[in-house]
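# Observations on the model geometry
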Amino acid sequence: MPTYLSTQLDVTRPLQFVGEGLLTTSSNFASKTNPTYTNVGLNPVWSLEYKPEAVEIRKVGSMTRDQKVKVFETGILNIKTHINTANGLDFAKWCFNAPSSTGTIAESFDFAWSYKVNTTEYFARAQGCLPMSATLDIADKGMVELSAKIFVAKPILPNASTFIGTGSWATASSGAPFTHSDGGSSPFTFNATTYGTKNFSMTASYELATDESSGDTNTLWARPTVKTITGSVEVYTKDLNLLTDAKNQTSRTMSRVLKSATNTISFTDVVFNDDSIDIPDADSSDPILSKLSYTAGTVAIS
């Protein structure tokens, strides 16, 4: 029997997005036409989980199920990507910045991609999308990584017919991704004082209000209503200010530069949950680090 395997080599259009319009106009939700897409980032990997809901029907006099009927459907889009200013930064801002205008979570997104199965190109789509959570990691050494879990109101199965209309697909992404060193020599500032750091991470989590009216098989509308900001950072110890603030639960400002003179992550109302100071072994040359977890009131990527 002939066998055909689709692999990553068969991806023809990597994951892309377009804004659907402000949520204040409910008719924008999951209804974008003629989309003009933008790359999610550099070399993204992703998976779309279709989540159908069905009811099971059983009849008296029978031991087995009579039938199962689909009644509703949503999806979850999981994304991991590297970013730079031209590719992925706008996606990161949507994941983290406060709702204010298009390009923030004041609007829903539409995602799409395509791949070939046995030489035929299939187009997949996820409409009515809003972030459930997103994490940005800046490792001690290496590339900045963005991962996100996205709610999908209307997941669409891959189809050989394109839906692009008079819109357009994004051109191939290019350029070097952000790395740990792009923030410059003093990228981390806490309460107006710079500190040397190793690993840095931030996460935004959202609770969504949804309109799932009786009689409909998809979510009609959604919006984020609660946002929680958490994260962690490892700081080289040069004073006792961080320990004092953690002990007193003092609120401060904090920032981490992504790209020198271009892009910065800024926080307000930062409170450390704890301050774990690791004392190295007697035969170790490792420095003393404060390993801090934090919560924040606001976060913004410029």
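Residues numbered from 1 in each chain as written. Predicted model: local features only at pLDDT ≥ 70, side-chain atom pairs only at ≥ 80, totals over all residues. Heavy atoms only, no water.

## Describing the overall build of the protein chain
Looking only at helices and strands, the protein chain has two helices and 15 strands in total. Once the C-alpha set of the protein chain is aligned to its principal axes, its extents read approximately 70 × 50 × 45 Å. A total of 302 residues make up the protein chain; the buried ones form 39% of that total. Total accessible area computed for the protein chain in this model is approximately 15,300 Å², and 50% of it derives from carbon and sulfur atoms. Treating the 24 positive side-chain charges of the protein chain as one cloud and the 29 negative ones as another, the clouds have centres 5 Å apart. (Helix = DSSP H or I, 4+ residues; strand = E, 2+ residues; numbered from the N terminus. Buried < 20%, exposed > 50% of the residue type's maximum accessible area, 1.4 Å probe, protein only. Areas by Shrake-Rupley, 256 points an atom, 1.4 Å probe, with all protein chains shown as cover. Lys, Arg positive; Asp, Glu negative; His and termini not counted. Charge placed at Lys NZ, Arg CZ, Asp CG, Glu CD.)

## So, the pattern of salt bridges
By the definition in use, this model includes eleven salt bridges. Its salt-bridge partner being Glu-56, residue Arg-65 comes within 3.3 Å of it at the nearest N-O pair. The exposure class of Arg-65 is partly exposed, given its relative accessible area of 43%. A salt bridge links Asp-140 to Lys-141; its shortest N-O distance comes to 3.6 Å. For Asp-140, a relative accessible area of 27% corresponds to the partly exposed category. Several salt bridges converge on common partners, so that one network encompasses Glu-56, Arg-58 and Arg-65. (Salt bridge = Lys/Arg side-chain N within 4 Å of Asp/Glu carboxyl O.)

## Looking at the packing of aromatic side chains
Applying the stated criterion across every chain yields a total of 17 aromatic pairs. Relative to Phe-109, the ring of Phe-17 has its centre 4.8 Å away and its plane inclined at 10°; by these criteria the two rings are stacked. Within this pair, whereas Phe-17 is found in strand β1 (residues 11-22), its partner Phe-109 is found in strand β5 (residues 107-117), the two being separated by 92 residues in sequence. Residue Phe-17 is classed as buried on the basis of its relative accessible area of 6%. Here Phe-109 falls in the buried class, since its relative accessible area comes to 2%. (Phe/Tyr/Trp six-rings, centres within 6.5 Å; stacked < 30°, edge-to-face > 60°.)

## Overview of a nonpolar patch on the surface
Taken together, the side chains of Val-55, Val-69 and Val-71 present a nonpolar region at the surface, about 180 Å² in accessible area. Residue placement: Val-55 occurs in strand β3 (residues 42-57). (Patch = residues over 30% accessible without salt bridge, like charges linked within 9 Å, V, L, I, M, F, W, Y side chains within 5 Å.)

## Quick look at unusual backbone geometry
Positive phi, close to 55°, is recorded for Asn-43, a residue that is not glycine. Following the sequence through the fold, Asn-43 ends up in strand β3. If you check the backbone angles, Ala-192 has positive phi at about 70° while not being a glycine. Tracing the chain through its elements places Ala-192 in the loop between β8 (188-190) and β9 (193-195). Of the residues examined, Ala-192 reaches a relative accessible area of 72% and is grouped as exposed.

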